[in-house]
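Residues per chain, in single letters:
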Amino acid sequence: QVQLVESGGGLVQAGGSLRLSCAASGVIFRVNVLGWYRQAPGKQRELVAEITTGGRLNYRDSVKGRFTISRDNAKNTVYLQMNSLKPEDTAVYYCTAGPGWYQVDYWGKGTLVTVSS
């Protein structure tokens, strides 16, 4: 089992920045990809960004150039730096862990990000 605990959500004005963190614990050696998904009210959950143990990246198009995912393998922590935030970025952001791209075995409980216009 892998446990994921997110932090760093909150309320920010459009154009502002937030940094999300996610600490992973448990059977970490089985996890290759850490990532972030989000779910806005009334919408389906969607991928935001993923990163492999080796540092390969995968972003959804709408966040490219604004969001940066990174990980500290020694600390088993993944980060999401979000800049130039837009109201449409408002969502609950979930930390994820799994064996490959778009393969999620574990979910965090989520942290709410609200971007005001």
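Residues numbered from 1 in each chain as written. Predicted model: local features only at pLDDT ≥ 70, side-chain atom pairs only at ≥ 80, totals over all residues. Heavy atoms only, no water.

### Thoughts on the pairing of strand β4 (residues 33-39)
Basically, it comes down to this: Summary of the burial criterion: residues with accessible area below 20% of their type's maximum are buried, those above 50% are exposed, and those between are partly exposed, where the area comes from a 1.4 Å probe applied to protein chains only. A run of H or I in DSSP counts as a helix once it spans at least four residues, and a run of E counts as a strand once it spans at least two, with each numbered from the N terminus. Two strands qualify as a pair provided DSSP detects at least 2 bridges between them.
For β4, the tally of buried residues reaches 6 of 7 residues, placing the bulk of the element in the interior. Pairing between β4 and strand β5 (residues 46-52): 6 bridges, direction antiparallel. Within β5, the position partnered with glycine 35 by the bridge is glutamate 50. Between β4 and β5, which pair antiparallel in sequence order, lie 6 residues; one of them, glycine 42, sits at a positive phi of approximately 75 degrees. The sheet contact formed by β4 and strand β9 (residues 91-98) spans 7 bridges and is antiparallel.

### Quick notes on the packing of aromatic side chains
Here a ring pair, both rings aromatic, is described through the centre-centre distance and the interplanar angle of the planes. The criterion, for reference: Aromatic contacts are taken between Phe, Tyr and Trp rings whose centres are within 6.5 Å, Trp giving its six-membered ring; a plane angle under 30 degrees counts as stacked, one over 60 as edge-to-face, and the others as tilted. Our definition puts a charge over a ring when NZ of Lys or CZ of Arg is within 6 Å of the ring centre and also within 35 degrees of the ring normal.
Under the defined criterion, the tally for this structure stands at 2 aromatic pairs. Between tyrosine 37 and tryptophan 107 the ring centres are 5.2 Å apart and the planes differ by 65 degrees, which places this aromatic pair in the edge-to-face class. A residue pair is termed long-range when its members are at least 10 positions apart, and tyrosine 37 in strand β4 and tryptophan 107 in strand β10 (residues 106-107) qualify at 70 residues. The class of tyrosine 37 is buried, set by a relative accessible area of 9%. A relative accessible area of 38% places tryptophan 107 in the partly exposed class. With a centroid separation of 6.1 Å and 85 degrees between ring planes, the pair formed by tyrosine 94 and tryptophan 107 is classed as edge-to-face. Of this pair, tyrosine 94 sits in strand β9 while tryptophan 107 sits in strand β10, placing them 13 residues apart in sequence. Chaining the aromatic ring pairs together yields one cluster made of Tyr37, Tyr94 and Trp107. Above the ring of tyrosine 79, the side-chain terminus of arginine 19 is found at 4.1 Å from the ring centroid.

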